[in-house]
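Structure at a glance
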Amino acid sequence: MLEHYRLYWLNFLSGMLADVLFFYAILIGLKSVTKTSLPNIDSGSLLALYGVFQFTGALWRTFASNILNESLLGTIEHLSLARGGLLTQLTVRAFVLGLNGGLYAAAVLLVLYWVSGISFQLSWWWPLGVLAFLPINLGLAFLMGSLGLLFRRVDSLFVVLNFILLPYFLSLTQWHPYMAYLPFAPGAHLVRLGLTGGEFDREIFLLALLQGLLLFGAGLWAMAYMYRLVRRRGILGRF
Amino acid sequence: MRLLVQNVHKRFGKLEALKGVSLELGAGEILGLLGPNGAGKTTLIKVVLGLLLPDAGEVVLEEGGARRRPQGHEFGVLLEGSRNLYVNLSLLVNALYFGGIRGLPPREVRPRFEAWLERFGLRDRLHAPLASLSRGMQQKAALALALALKPRFLLLDEPTLGLDPVSRREFEGILLELKKEGWGILLTSHDLEVVERVSDRVAFLHRGEVRRQGPTRALLRDWAGEGYRVRLAEPKAEALLKALGPGWSAEGPEVLFFLGPWEALREVLGTLPVEVLEVSRGTPSLEALFLHLFGEARPSPSA
């Protein structure tokens, strides 16, 4: 991973700059649409949920593109020959990429904190929120990865998903109780509460864990199903 | 210890890529898997590796009376093309990575890999990126890694493809050494001279079926009665080959080999535009047998 950043540092820095500018574009857009001044927008929550969006996107995008790259290089077949098979290898990778995605989102938030002055009030329990969100995020990554296994090129689908997820996550700044039952919402809400000095909500935490378990399980099942399907069709890593 | 492929069937839509293929490979032997393009060789290798699920049949590893499905990490593999290693990473990093995912710690993989590199004359390239190596060196490095991963069997899909004659000879020597050391090797190649020299047994695959299989020498001997070597006065074997029908192959600039009955040969001999110095009975080359079996064969759409 470090080697990747060392080799492609310019791309990494450009990506981070793009993500910082993207947040500013969102802020300015909100300001002009709602005709409110910047301080009236709950910018802390907005930034926290933007961080959640970055964490989510960084994980499933890199995970799915990892599958794509291995397929292009032809090395995905060698991953299948690894101890435990392809699914074990991809699960390990997903956890590593999850850590990487978390660090990347944290780096983007730090830069935004530094340049915008929007501050966080970290609650003591904030890592619990991130931990509760991780299985949800991994589940989504597995679902996207399973599509990548079967369809190989799914970049445009990612763009669509990005456009759906960004307003979806940002809409969680205005929290309503029914949202606790929406996908990804309890985990994202918990992260927001943790980063903005909110109180720990046990029910939301349990809901997030339950949702994480379901999504993680669904993601693993989808990966296993697609892996079997591509091996039956003979299209593993074929372009 | 034996690897058994038993009655494997695989269909892709309307195309029946494998039709009840059965083979076996023991330790210390090289099995040459031959056939025209689209015969199903790579499909079969993928089934053996578990990269492709068969519609019927199975691949089993028989060891000490027990039978089980072999695991992917029990195979050392050279897949067709440049897709066995990461081209931008050094040989060492490749070895440590692939060793790691196969559950082998660096302290075990590194010395084994270095030993194989030493043997293949590549020890000094340990830290060089794969991309900086020639095609032949890349193949040797990939083979060194496949061996360093402690496999039980080696599956080599077109390992000599793109190699120059010197590298090809070296590769051939390596295969013979590995065989002596007890490795079981499944080899597919269109380089029939190499296959003939190294393999103990060959299997001819055509349109998903094993058309013929057995010990290489015995298979060729079986045809000896029908084979004739024709020595020409001028080096025109290749040129003449274009005008001759199936069953003919060139074994050098002045030597033609005909696999067929004497009566058929006698008819052709009188029409040859070059003086014939000698006609003798002989064992055909693997290439001659291949052309005899598949001379009329055309590749099937995809397999």
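Calculation rules
- Residues numbered from 1 in each chain as written.
- Chains lettered and ligands numbered in written order.
- Predicted model: local features only at pLDDT ≥ 70, side-chain atom pairs only at ≥ 80, totals over all residues.
- Heavy atoms only, no water.
- Helix = DSSP H or I, 4+ residues; strand = E, 2+ residues; numbered from the N terminus.
- Rg over C-alpha atoms; globule rule 2.2 N^0.38 Å.
- Buried < 20%, exposed > 50% of the residue type's maximum accessible area, 1.4 Å probe, protein only.
- Contact = heavy atoms within 4.5 Å.
- Buried area = accessible area lost by both parts, 1.4 Å probe.
- Salt bridge = Lys/Arg side-chain N within 4 Å of Asp/Glu carboxyl O.
- Polar contact = N/O pair within 3.5 Å; in protein donor to acceptor, adjacent residues only side chain to side chain.
- 1 Å grid on protein atoms, 1.4 Å probe; cavity = no way out; pocket = protein on both sides within 12 Å on 5 of 7 lines; lining within 4 Å.
- Points joined across faces, edges and corners; volume = space filled by probe spheres on them.
- Nonpolar A, V, L, I, M, F, W, Y, C, P; charged D, E, K, R; others polar.
- Core = buried A, V, L, I, M, F, W, Y, C linked by side-chain atoms within 4.5 Å.
- Expected span 1.5 Å × (residues − 1).
- Arc of directions from axis to C-beta.
- Phe/Tyr/Trp six-rings, centres within 6.5 Å; stacked < 30°, edge-to-face > 60°.

**Side note on the overall build of chain A**
Helix and strand counts for chain A stand at nine helices and zero strands. Beginning at the N terminus, the succession of helices and strands in chain A can be written as α-α-α-α-α-α-α-α-α. In terms of C-alpha radius of gyration, chain A reaches 19 Å, essentially the compact-globule figure of 18 Å for 239 residues. Along the three orthogonal principal directions, the C-alpha set of chain A runs to about 55 × 40 × 30 Å. Burial status across chain A gives 50% buried among its 239 residues. When contacts within chain A are restricted to residue pairs at least 6 apart in sequence, long-range pairs at least 24 apart make up 79% of them.

**Brief notes about the interface of chain B and chain A**
Listed per partner, the contact involves 25 residues of chain B and 21 residues of chain A. A buried area of about 2,100 Å², summed over both sides, lies between chain B and chain A, and 54% of it is on carbon and sulfur atoms. Taken as a group, Leu51, Leu53 and Ile101 of chain B account for 29% of the area that chain B buries against chain A, more than any other trio of residues on that side. Where chain B packs against chain A, one counts two salt bridges. Of the charged contacts in the structure, one is a salt bridge between arginine 232 of chain A and aspartate 55 of chain B, with a shortest N-O distance of 3.8 Å. Our count for the chain B to chain A interface comes out at 11 residue pairs in polar contact (both at pLDDT 80 or more).

**Side note on empty space enclosed by the protein**
Space left empty within the atom packing is revealed by a probe, the size of a water molecule, rolled over the atoms. Per the counting criterion, the structure on display carries three cavities of 30 Å³ or more. Roughly 90 Å³ of internal volume is contained in the largest cavity. What lines the largest cavity is His78 of chain A together with Val77, Asn84, Leu85, Phe98, Arg102, Ala142, Leu145, Ala146 and Leu149 of chain B. For the lining of the largest cavity, the leading source of residues is helix α4 (residues 135-148) of chain B, giving three residues. Looking at the lining of the largest cavity, its residues break down into seven nonpolar, two polar and one charged.

**Topic: the nonpolar core**
A general feature of soluble globular proteins is that nonpolar side chains tend to end up buried together. Leu143 and Phe204 of chain B are the most contacted members of the largest nonpolar core, which totals 147 residues. A per-element tally of this core places helix α3 (residues 43-73) of chain A first, with 14 residues. With 15 residues, the next largest nonpolar core counts Tyr228, Leu265, Val268 and Leu269 of chain B among its residues.

**With respect to helix α3 (residues 106-119) of chain B**
A turn of α-helix holds 3.6 residues, and therefore any two residues three or four places apart point the same way. Residues and elements named next belong to chain B. Its 14 residues give α3 an end-to-end C-alpha distance of 20 Å, which sits within 8% of 20 Å, the value for a rise of 1.5 Å per residue. When we look at burial in α3, the residues that qualify are Val109, Phe113, Glu114, Trp116 and Leu117. Take α3 and look down its axis: the buried residues cluster within an arc of 165°, on one side only. Along α3, exposed side chains directed more than 90 degrees from the buried face belong to Arg107 and Glu118. Buried positions along α3 lie against α2 (91-101), α4 and α5 (165-180). Glycine 121 lies just past α3 and shows a positive phi near 75°.

**Focus: the packing of aromatic side chains**
The description of an aromatic ring pair uses the distance of the two centres, along with the angle that the planes make with each other. All names here are of chain B. Under the counting rule described, the total for this entry stands at 23 aromatic pairs over all chains. Here the aromatic rings of tyrosine 86 and tyrosine 97 are separated by 5.6 Å at their centres, their planes lie at 70°, and the arrangement is edge-to-face. A residue pair is termed long-range when its members are at least 10 positions apart, and tyrosine 86 in the loop between β6 (75-78) and α2 and tyrosine 97 in helix α2 qualify at 11 residues. Residue classification places tyrosine 97 among the partly exposed residues on the basis of a relative accessible area of 25%. Centroid distance tryptophan 116 to tryptophan 183: 6.3 Å. Interplanar angle 70°. Geometry classified as edge-to-face. Here tryptophan 116, found in helix α3, pairs with tryptophan 183, found in the loop between α5 and β8 (184-188); they are 67 residues apart in sequence, far enough to count as distant. One exposure class covers both tryptophan 116 and tryptophan 183, and it is buried.

Keep in mind these numbers describe shape, not what the thing actually does.
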